Amino acid sequence: MYLTTLPSVLLSVIPLASSSAVRRSLPKPAGVALQQQPAITPSPALWSPTKTLKRRGVVSDVISDASSDIHSILGGLGSNIPSYVASGVPNFFQDFPTGADVQSSLGLADDQVKALPTQVLNIPPYGNWTDQGWNVRFHGNVYKQPNISESKLNDLANVFLIGTSVEELPPAEASQARNLTAEIFVLQQSDQNVTFNLAPAPTAGASGEQGGGGAVTPSGGKQQIKFPIPTTPEGDYDAFVPIKENGLAAGNSTNNIQRLNVYTEGDINGNATAYLAPPTGLTIISDIDDILRVTKIYAPKEGLLNSFARPFVQWDHMPDIYANWSRSIPNLHFHYLTTTPEQITRNYMDFIYKTYPGGSFDTRPLNFSDVSATLSIRKYLLDKIFQTFPHRKFVLVADTSNSDVMKDYPQMVNDYPGQVQCILLRNTSATDPEDKFPYETSGFKGLNESTYMFFRVSDDLANLDIANGQCRNMTFPQNVTFSLQGLPFGLSKDKGAGNHLVPSSPWILALVTGALLWGLGLGL
């Protein structure tokens, strides 16, 4: 089975609202009194929100073009990897229905939508210090959750599963599949004003340190912030907003990362933690899928189950690696960047904060909704944080299964000289036989070889001194050819970066095409 035109399939099975939707609540930070819940009201002023791209038929385009992508590979191997693999976003996460589509398919009148409670997905932000003081990049989404019966949630969730169904899953996995599906079918709320209450955060994250690692609890900072711009047509908000010091340490007088809780008025589930990073220091920018958790985006059936139904599972010993970095490197800022659409990132944030040091987050907002925007969103988010902190240094961590990583990470070295301390990439094709997709290392040509490393297991990172620029484990070779690598059946000039060399083959194109067809589940 393979996914076809997702939007029409999904929307055709949404029922009229008749029972409460399955809902997953995030725990409220400990030790904080319940906030009153005033409604989020429409803006009294006119603003010009960020323009959004209107084309939304992404999954159907990606799937219908899959065969042509593979035929293109025959003529130019490596340059036309299917777009969902290239972007690091599974094809089943490429195109979700808009609020208007969901409302129409449910048959909900405007009055019925108005009666639903407003909710907020608040993404953990970072803050920077300028001559005017601290600024925090508040970003997230305002939406309403329609009522969808459990049986119909099962129907919707089954569209995302290959070779199984919600009814066949264990109860816990079935519940998670329904919860995640409910998070997809929401009604985004435009032209909404959002208000936040800030307070010192005693803990966030799981590094084994007091407070969860990654930051300290400031002595002040309590205040209310009214976000100055209404939400976009997709319900998004994203802007830097100045905040008062109110007892916070000034960014030019401290090296500490300061941690603040961000409570959203109107929704107790719209809480997050902000990380105020001083102008200088070291930041880890980490991907999540297939580097911090087992996802297998290159194996559709497993990727779907691992993302929709199964509990998130850490990859190898990466929690130990990150915890050690957090304990041993003073004032280390962790920033988690995933190109997964924001609607389904609550599980990501919950997993990270229970497994890794606390840190700020970036996700793919709804504004970026077509293939070209999806393919550029990682670079857009990388540019934003690099430009926000021009004097900080960055360690970039990800895996080779995403071609945008393989292009964007080395490009950051050229675009921001002196800011990239290390690039550390897990070689998925060298360690997971299910990864049939090659990866391109030409972007690394000309870079200082001591600044990047392709590794196979997390222990390869254990003794690196990244704070002082030691990025290479010298106990194994890199074998980077600055070309297409990681071809199946050992057909590359080498098995892959960090592995032993093997000869190439004249049958490379035919065999690779077969491997890609097999990996895509299209059959020969």
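Look up a bit, the structure's there.
Nothing here was measured: the structure is a model prediction, and the numbers come from that model.

Undergrad: Mind showing me how you'd approach the pairing of strand E11 (residues 332-341) here?
TA: For a regular strand, side-chain orientation follows a simple rule: the groups alternate between the two sheet faces. Within E11, ten of the ten residues are buried, leaving the element largely enclosed by the surrounding structure. Bridge count between strand E10 (residues 281-286) and E11: five bridges; the pairing is parallel. What sits directly across from Ser-286, in E11, is Tyr-336. The pairing of E11 with strand E12 (residues 360-364) spans four bridges and is parallel. Each residue of the ladder has a partner; that of His-335, found in E12, is Ser-360.

Undergrad: Sorry if this is basic, but what is going on with the sheet that holds strand E16 (residues 452-455) here?
TA: Picture the strands of a sheet paired through backbone hydrogen bonds; they go either parallel or antiparallel. Across the sheet, six strands lie side by side as E12-E11-E10-E13-E14-E16; this open sheet has parallel pairing. Because the sheet does not close on itself, it has two edges, and the strands there are E12 and E16. Strand-to-strand twist across the sheet, computed as the mean angle between neighbouring axes with direction ignored, equals 15°. Sheet analysis places E10 next to strand E13 (residues 392-399), joined by six bridges and oriented parallel.

Undergrad: Explanation requested: the packing of aromatic side chains in the structure shown.
TA: Each aromatic ring pair is summarised here by two numbers: the centre-to-centre distance and the angle between the ring planes. Scanning the model with the defined rule gives 23 aromatic pairs in all. Ring centres of Phe-386 and Tyr-416 lie 5.0 Å apart, and the angle between their planes is 45°; on these two criteria the pair is classed as tilted. In this pair, Phe-386 is assigned in helix H12 (residues 371-388) and Tyr-416 in the loop between helix H13 (403-415) and strand E14 (420-426), connecting sequence segments 30 residues apart. Assigned by exposure class, Phe-386 and Tyr-416 land together as buried. A connected cluster of aromatic rings, assembled from ring pairs, spans Phe-312, Tyr-322, Trp-325, Phe-334, Tyr-336, Tyr-348, Phe-351, Tyr-353, Tyr-356 and Phe-361.

Undergrad: Whenever I open this one, H13 confuses me. Can you help?
TA: Note that an α-helix has 3.6 residues per turn; residues three or four places apart therefore point the same way. Between its first and last C-alpha atoms H13 spans 18 Å; for 13 residues at 1.5 Å apiece the expected length is 18 Å, and the two agree. Residues of H13 that are buried: Asp-404, Val-405, Met-406, Asp-408, Tyr-409, Pro-410 and Met-412.

Undergrad: How should the nonpolar core be read in this particular structure?
TA: Ranked by internal contacts, the top residues of the largest apolar core, which has 68 residues, are Tyr-322, Trp-325 and Leu-424. Those residues in contact with Trp-325, other than ones at most four positions away along the chain, are Ile-284, Leu-332, Phe-334, Leu-424, Leu-461 and Ile-466. One finds Val-166, Leu-169, Ala-174 and Leu-304 within the second-largest nonpolar core, a separate group that totals 27 residues.

Conventions and cut-offs
Along each chain, residue indices are assigned from 1 in the same order as the chain's sequence is written. Per-residue local features are limited, in this predicted model, to residues with pLDDT of at least 70; the limit for side-chain atom pairs, both in listing and counting, is 80 or more; totals at the level of whole chains, interfaces and linings are taken over all residues. Heavy atoms throughout the structure, all of them, feed into the side-chain values; hydrogens and water do not. Partly exposed residues are those whose accessible area sits between 20% and 50% of the maximum for their type, while under 20% is buried and over 50% is exposed, using a 1.4 Å probe and protein chains only. Labels follow the DSSP assignment, with helices taken as runs of H or I lasting at least four residues and strands as runs of E lasting at least two, numbered in each case from the N terminus. Strand pairing requires that DSSP identify at least two bridges connecting the strands. For helices, the fitted axis covers only the stretch in contact; all axes are lines through C-alpha atoms, and the angles between them, taken along N-to-C directions, range from 0 to 180 degrees. In this scheme Phe, Tyr and Trp rings, the latter by its six-membered ring, pair at centre separations within 6.5 Å, and the angle between planes marks the pair as stacked below 30 degrees, edge-to-face above 60, and tilted otherwise. Expected helix span is given by 1.5 Å per residue-to-residue step, counting one fewer step than there are residues. The criterion is simple. A nonpolar core is a set of buried Ala, Val, Leu, Ile, Met, Phe, Trp, Tyr and Cys residues joined through side-chain atoms within 4.5 Å. In this description, contact between two residues means that some pair of their heavy atoms is separated by no more than 4.5 Å.

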